[in-house]
Amino acid sequence: MNLSGEFIAFFVLSVMAIGGAVFMINMQRVMHMALALAFTFFSIAGIYLLLNAPFLAVIQVLIYTGAISILMLFGIMLTKHRYEEKSAVARWQGVIGFIGVACFLGVLMWTIYRTPLLSGQGNPKDFGIHQLGAAVFKEYAIPFEVASILLLVALVGAVILAKREENECS
Amino acid sequence: MSAQVALLIPLFPFLAFLLLIFGRRFWGEKAAAGIGIIATFASFAVTLPVLWGSLGKGQTITWSIPWFHLGEKAVFLSMRLEPVNVLMLVIVSGVSFLVHLYSYGYMRKDERFTVFYAYLTLFTFSMLGLVMSANLLQIYFFWELVGVCSFLLVGFWYFKPEAKEAARKAFVVTRIGDVGLFIAIALLYWHVGSFEVMDVKAAVLNGKLTPGIITLTAILIFVGAVGKSGQFPLHTWLPDAMEGPTPVSALIHAATMVAAGVYLVADLFFLFTASHQAMNVVAYVGGFTAIFAATIGVAQNDIKRVLAYSTVSQLGYMMLALGSTGYVAGMFHLMTHAFFKALLFLCAGAVIVSLHHEQDLRKMGGLWKTHRWLGYSFLIGCLAISGIPPFSGFFSKDEILESAYADGRTGLFIVGVLAAFFTAFYMFRLFFMVFAGQARGEKNREPVPRVMMVPILILAFMSIISGFFNTPGDRLAHWLTRTGTATISLEHAPVWISAVAIVVAAAGIFLAYAMYASERISPERVAKSVPWAYQVVYRKYYLDELYRAVLVWPLKGLGWILTGFDRFLIGGLVYLSAWIAQLVGRIGSRLQNGQAQTYVLISLIGFVILIVGLTAGRLFP
Amino acid sequence: MQLTSYLALSAILFSIGLYGVLTKRNAVIVLFCIELMLNAANLNFVAFSKFGLFPGLTGQVFTLFTITIAAAEAAVGIAILIALYRNVQSAEADRYDSMKG
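Residues numbered from 1 in each chain as written. Chains lettered and ligands numbered in written order. Predicted model: local features only at pLDDT ≥ 70, side-chain atom pairs only at ≥ 80, totals over all residues. Heavy atoms only, no water.

Chain C has the name NADH-quinone oxidoreductase subunit K in an unreviewed UniProt entry, where Thermoactinomyces daqus is given as its organism. Per UniProt, chain C has the following entry under Subunit (unreviewed entry): "NDH-1 is composed of 14 different subunits. Subunits NuoA, H, J, K, L, M, N constitute the membrane sector of the complex." According to the UniProt record, the Sequence similarities (unreviewed entry) comment for chain C is "Belongs to the complex I subunit 4L family." (UniProt positions renumbered as here; feature names shortened; annotations may be inferred.)

As recorded in an unreviewed UniProt entry, chain B goes by NADH-quinone oxidoreductase subunit L and comes from Thermoactinomyces daqus. According to its UniProt record, chain B has this under Sequence similarities (unreviewed entry): "Belongs to the CPA3 antiporters (TC 2.A.63) subunit A family."

Novice: Help me get a handle on the overall build of chain B, residues and values and all.
Specialist: When its secondary structure is counted, chain B shows 26 helices and 2 strands. Expressed as a percentage of its 621 residues, the buried residues of chain B come to 57%. In chain B, the share of contacts with a sequence separation of at least 24, taken over all contacts with a separation of at least 6, comes to 80%. Counting only carbon and sulfur atoms, one obtains 69% of the accessible surface of chain B, whose full area is about 25,800 Å². (Helix = DSSP H or I, 4+ residues; strand = E, 2+ residues; numbered from the N terminus. Buried < 20%, exposed > 50% of the residue type's maximum accessible area, 1.4 Å probe, protein only. Contact = heavy atoms within 4.5 Å. Areas by Shrake-Rupley, 256 points an atom, 1.4 Å probe, with all protein chains shown as cover.)

Novice: Lay out the interface of chain B and chain A in plain terms, naming residues and giving numbers.
Specialist: Each partner contributes residues to the interface: chain B has 14 residues there, and chain A has 10 residues. For the pair chain B and chain A, the two sides together bury roughly 960 Å², of which 82% comes from carbon and sulfur. On inspection of chain B and its partner chain A, the count reaches 0 residue pairs in polar contact (both at pLDDT 80 or more). Of the residues forming the side of chain B that touches chain A, the biggest block, 12 residues, is contributed by helix α26 (residues 596–619) of chain B. A class-by-class count of the residues in the side of chain B that touches chain A yields 9 nonpolar, 4 polar and 1 charged. (Buried area = accessible area lost by both parts, 1.4 Å probe. Polar contact = N/O pair within 3.5 Å; in protein donor to acceptor, adjacent residues only side chain to side chain. Nonpolar A, V, L, I, M, F, W, Y, C, P; charged D, E, K, R; others polar.)

Novice: Outline the UniProt feature "transmembrane region" (unreviewed entry) in chain C, supporting the account with residue identities and numerical values.
Specialist: Residues and elements named next belong to chain C. Within this structure's numbering, the places UniProt gives as "transmembrane region" (unreviewed entry) are residues 6–22, 29–49 and 61–85. Regarding residues 6–22, the helix share stands at 100% and the strand share at 0%, and the terminal C-alpha atoms are separated by 24 Å. Secondary structure content for residues 29–49 is 100% helix and 0% strand, while the C-alpha to C-alpha distance between its ends is 30 Å.

Novice: Can you explain the pattern of salt bridges? Please cite residues and give values.
Specialist: Residues and elements named next belong to chain B. Enumeration over the complete set of coordinates arrives at 7 salt bridges over all chains. Residue Lys169 pairs with Asp240 through a salt bridge whose shortest N-O separation is 2.8 Å. Of this pair, Lys169 sits in helix α6 (residues 161–192) while Asp240 sits in helix α9 (residues 237–240), and the two are 71 residues apart along the sequence. Asp178 serves as the salt-bridge partner of Arg175, at 3.9 Å between the closest nitrogen and oxygen. You can see Arg175 and its partner Asp178 sitting in helix α6, 3 residues apart, about one turn around the helix. Residues joined by salt bridges that share partners form a network here, namely Glu144, Arg175 and Asp178. (Salt bridge = Lys/Arg side-chain N within 4 Å of Asp/Glu carboxyl O.)

Novice: Can you break down unusual backbone geometry residue by residue, with the values?
Specialist: Going from Phe232 of chain B to Pro233 of chain B, the amide bond is cis rather than trans, its omega being 5°. At Asn52 of chain A, a position not held by glycine, the phi torsion is positive, near 60°. Position of Asn52 of chain A among the secondary structure elements: in the loop between α2 (30–50) and α3 (54–78).

Novice: Describe the side chain of Asn135 of chain B, and please don't skip the residues or the numbers.
Specialist: Residue and element names in this part refer to chain B. With respect to the helices, strands and loops of the structure, Asn135 is situated in the loop between α4 (113–132) and α5 (136–154). Here Leu137 takes part through its backbone nitrogen, which lies 2.8 Å from a polar atom of the side chain of Asn135. Apart from the residues lying within four places of it in its own chain, the contact partners of Asn135 are Val75, Phe76, Ser78, Phe195, Glu196 and Val197.

Novice: I'd like a description of the interface of chain C and chain A, backed by residues and values.
Specialist: Opposite the 71 residues of chain C that make contact, chain A presents 80 residues. Where chain C abuts chain A, roughly 7,000 Å² becomes buried across the two surfaces, and 76% of that area is made up of carbon and sulfur atoms. The three residues of chain C that bury the most area against chain A are Phe32, Lys50 and Arg86 of chain C, which together make up 10% of that side's buried surface. Seen at the junction of chain C and chain A, the total is 6 residue pairs in polar contact (both at pLDDT 80 or more). At the level of secondary structure, the elements contributing two or more residues to the side of chain C that touches chain A comprise α1 (3–23), α2 (27–51) and α3 (58–88) of chain C. With 23 residues, the single largest contributor to the side of chain C that touches chain A is α3 of chain C.

Novice: Help me get a handle on the packing of aromatic side chains, residues and values and all.
Specialist: All names here are of chain B. Summed over all chains, the structure comprises 43 aromatic pairs over all chains. Between Tyr140 and Phe182, the aromatic rings sit 5.2 Å apart at their centres with planes inclined by 55°, giving tilted as the arrangement. You can see Tyr140 sitting in helix α5 and its partner Phe182 sitting in helix α6, a full 42 residues away along the chain. Taking relative accessible area as the criterion, Phe182 reaches 44% and is therefore assigned partly exposed. Each ring, one from Phe232 and one from Phe292, has its centre 5.1 Å from the other, and the planes form 70°; the classification is edge-to-face. Of this pair, Phe232 sits in the loop between α8 (211–229) and α9 while Phe292 sits in helix α13 (residues 276–298); the two residues are 60 residues apart in sequence, bridging distant segments of the chain. Taking the relative accessible area as the measure of exposure, Phe232 reaches 25% and is therefore partly exposed. Three or more aromatic residues link up through ring pairs in this structure, and these residues are Phe14, Phe17, Trp67, Phe68, Phe125, Phe141 and Phe142. (Phe/Tyr/Trp six-rings, centres within 6.5 Å; stacked < 30°, edge-to-face > 60°.)

Set out below in structure tokens:
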């Protein structure tokens, strides 16, 4: 394996992403966790750049690192968080969960490395923002519209769900 | 006289049994008693022509039909009425009829009156079937059936713990003997290839069996007889069986069932005569039982227990007679004993009824003034059993002593004489304590119902005259030995034997009179002068205690160990499997804790297992 | 640069997210982890859109839609969480056991 710039970039970014995720799992305070996760999302945006998807990278930063993280911070602030001792049931569940996830990861990795994936190499010029915009608004116009309706519904739904109920106010 | 008529004899009680047991809620006391009495009387009536045919024309009724097939061989239901069987038929049906009559008075006002009659008729059927059978398997069948009836009737008042205990003891102890009988039957079938008594007899007479087998089977059959007839060492159940109603004691435990052992030995006498050792065993066990039970009888205080030990002792006499080749003497004594012992028991029952169910001798006395006829009857029974001429017991006991002497068993002869002394002593002790002197205890005497007195008087009459069936002229002996079942020498032994017997009996009576009637010798002083002897006799030679220590407790210990094994090992396994099932269930319910994360975890594990299962083949190419 | 490296990275991120979903007691963190898993899936799409057998823009378009849906999901998730918190007075996932039979 030649030590190309792409490889170094991928290596650094993936270490950042995985490190952020691991920190997120192991942090004690919820706010730190949110920040670690934002860091991970940011690293993933960098990987998108490596994969010739600059628009997605920007979107990732905007939506995940920006919007969703902020939304989550609001969620954290709106709910109270106590740091109790973990109960025996939770510890037992943690051990079993770790084993299960490890097995799952093992199977996944084994599959990825054993399967002969026929891979091509796309021309970076085909992945420009122009082409993406054309594809979305021509080929995928109807799904795009449906997605916008979905966003609207989700917005209304979220407002209704989070709103205090009438009888509770009184 | 056809066989079909003879078959009616056991059929009547059986039909009565079916009627009574299925209609036990339906029949009243009168109807139930009527059914039983009529059925047994019908049986008795049918035995009379059979007896006549056998006596006069020398007829032997035989009958046989195939019962079932055992491999290649057919087993028959068969009947053969030789004189000995006919004699037993007459005794059983006659005494049974009288006891049925008597029970109507004795059992009146009992809640399970109908059931009592049902059991009694079932017993009569079984006993009649037993004495008619000419097939060992059939004999065993009826043998067990009379045992069951005995169990049911001894435990008739099952709400009394003693009665329950006694019934169980009777059943278990006789069972020990029955095992011997069963082994003997199996051995005979193995070596002879037939259950028919006649085939076995032919095999024995033709020398087909080795002497060892003959001795072994004879002794095993005698073990069965020992259990049933209450011979030492299996006699302990018989006194306890007195917890049953008195008519039952009279019919089953004095006159008929306990005599079944004697009858069995007599019926298979050819087997015993073929083996000198077996005869020795029979004679010595009989002789020992006679003297042994007689000494115990001296110190008992329960009226029925004295009679029970007397029965054991008299049965020992019969065995002694049979063992001394006194076939006729044994059967003769069986007959007279059936009459006078049934008489004594029925009298004792009447005494008990008149004293409001008081059985302790020390609380009786003075009945002679109020119950004169009962006193006469009881006196007749006592004189008969003591062997005073001209009552029946004298003749039969004389025969026994003669045959023991003629057989050259001087030791057993002396034992017999001593037992006669003790018999006379304790019977008259009983008589004087019940009838003589002043009333002790219960003062209020009830008259005895007439329905109870009639059988007593009939039996008293029979006790007087039955001795003359054989003397003078040896008619009974000629009749019994005609078919060649046994041969006896009809030469009479010296006259001095009779004289000795009378003198000894008179001495016993006189001693009893001196101690209990005129009270010249204080019984307490006698008991105190030999305290240990009195204690040993009073405690029945500590045999019950010995059996308990040697047999019952170790077996109970084994039972405890096995119970522990069952409870802790087998039960533990059962509990373990239940516990595992519970554990699985608890884990399952723990998983259903309502938390989405747990469910996701389980889904994940399932998914991993599924993927691994699907791709496992590729993992190991 | 091989496709498998991206796939492996995505698998690792997905597993970390899954572990978080299974074990974290805080419902907000559970939502975080779900977002992480979605991102891992998106990474796959983009990687295949460049290195797949038929390279093209479809993967990127799909990722775009997924991000849209993830945004909607996050909004609704937070709304549900707040409503639940009002009812149970707790943001801990193991308190939400009303499904218990």
